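Coordinate analysis (summary)
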Amino acid sequence: MSKRDEYVEKMKSQLDEWNAQVAKWEAKTKDAQAGARVEYEKQLQAFRRQRDQALEQMRRVQGAAGDAWIDLARGADDAWAKMREAFEKARSHFQK
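An account of the accompanying structure is given in this report. The structure displayed is predicted, hence computed values, not measured ones. (Residues numbered from 1 in each chain as written. Predicted model: local features only at pLDDT ≥ 70, side-chain atom pairs only at ≥ 80, totals over all residues. Heavy atoms only, no water.)

1. Section: the nonpolar core
So the rule is basically this: Nonpolar cores are built from buried Ala, Val, Leu, Ile, Met, Phe, Trp, Tyr and Cys residues. Side-chain atoms within 4.5 Å join them into one set. The buried label applies to any residue whose accessible area, calculated with a 1.4 Å probe on protein chains only, is under 20% of its type's maximum; exposed applies above 50%, and partly exposed to all values in between. Secondary structure elements follow DSSP: runs of H or I no shorter than four residues count as helices, runs of E no shorter than two count as strands, and numbering proceeds from the N terminus.
Membership of the largest hydrophobic core comes to 26 residues, with the highest contact counts inside it found for Tyr7, Trp25, Phe47, Trp80 and Met83. At the level of secondary structure, the elements contributing two or more residues to this core comprise helix H1 (3-31), helix H2 (34-63) and helix H3 (68-94). Take this core: its biggest share by element is ten residues, from H3.

Take a look at the structure:
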């Protein structure tokens, strides 16, 4: 397995973990009171937005030729860091 493939697999694995947690949060959102539901939805939307950007970066890395993936990985790392921040922020709201 190439370094690029290992990198992409690591990203996919993390994404799968986050998506599993988000599914739990979505269920919690459905059961929440109106005021809390609005805040939960806001956090989920922020996370989904960051997730979509990170997915796009991951796809670019995955499709990059030769060593070009290394440069694209830097952008993906930035997108992943923002997604991690959005995830942690959402988690803090759902643990209240």
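2. Some remarks on the packing of aromatic side chains
Operational definition: Working definition: a ring pair exists when centres of Phe, Tyr or Trp rings (six-membered ring for Trp) sit within 6.5 Å. Plane angles under 30 degrees give stacked, over 60 give edge-to-face, the rest tilted.
Inspection of the entire model under this criterion finds seven aromatic pairs. Geometrically, the ring pair formed by Tyr40 and Phe94 is stacked, given 4.3 Å between the ring centres and 25° between the ring planes. Placement of the pair is Tyr40 in helix H2 and Phe94 in helix H3, with a sequence separation of 54 residues. When its relative accessible area of 10% is taken as the criterion, Tyr40 is described as buried. A network of ring pairs unites the aromatic residues Trp18, Trp25, Tyr40, Phe47, Trp80, Phe87 and Phe94 as a single cluster.

3. Some details on the packing of H2 against H3
Short version of the rule: Each axis is a line fitted through C-alpha atoms, and for a helix only the stretch in contact is used; angles between axes span 0 to 180 degrees, taken between their N-to-C directions. Any angle from 65 to 115 degrees is called roughly perpendicular, while one under 35 is roughly parallel, one over 145 is roughly antiparallel, and all others are oblique. Note: crossing handedness is left-handed where the near helix turns anticlockwise from the far helix by less than a right angle, and right-handed where it turns clockwise. Each residue is assigned to one class: nonpolar for Ala, Val, Leu, Ile, Met, Phe, Trp, Tyr, Cys and Pro, charged for Asp, Glu, Lys and Arg, and polar for all the others, Gly among them.
Running from N to C, H2 and H3 point in directions that differ by 165°, and their axes come no closer than 8 Å. Classed by the angle they form, the pair H2 and H3 counts as roughly antiparallel. Seen along the crossing, H2 lies across H3 with a hand that is left-handed. For the contact of H2 with H3, the residue count by class is 19 nonpolar, six polar and five charged.

4. Topic: H1
Side chains three or four residues apart in an α-helix point the same way, a direct result of the helix having 3.6 residues per turn. Put simply, the rule is: Every helix has an expected span of 1.5 Å times one less than the residues it contains. It only takes one pair of heavy atoms within 4.5 Å for two residues to be counted as in contact.
With 29 residues, H1 should reach 42 Å at 1.5 Å per residue; the first-to-last C-alpha distance of 43 Å fits that figure. All of the buried residues in H1 are Tyr7, Val8, Met11, Leu15, Trp18, Val22, Trp25 and Thr29. For H1, the elements touching its buried residues are H2 and H3.

5. Here we look at H2
Compared with the 44 Å implied by 1.5 Å per residue over 30 residues, the 43 Å span of H2 between its first and last C-alpha is a close match. Looking only at H2, the buried set comprises Tyr40, Gln43, Leu44, Phe47, Gln50, Arg51, Ala54, Leu55, Gln57, Met58 and Val61. Here the buried face of H2 lies against H1 and H3.

6. Digging into the pattern of salt bridges
The cut-off we apply is this: Should a side-chain nitrogen of Lys or Arg be within 4 Å of a carboxyl oxygen of Asp or Glu, the pair is scored as a salt bridge.
Applying the stated rule across the entire model yields six salt bridges. Close ionic contact of Arg74 with Asp71 constitutes a salt bridge, the shortest N to O distance being 2.5 Å. Here Asp71 and Arg74 lie together in helix H3, a separation of three residues that amounts to about one turn. A salt bridge links Glu88 to Arg91, with the shortest nitrogen-to-oxygen separation between them at 2.7 Å. Of this pair, Glu88 and Arg91 both sit in helix H3, three residues apart, roughly one helical turn.

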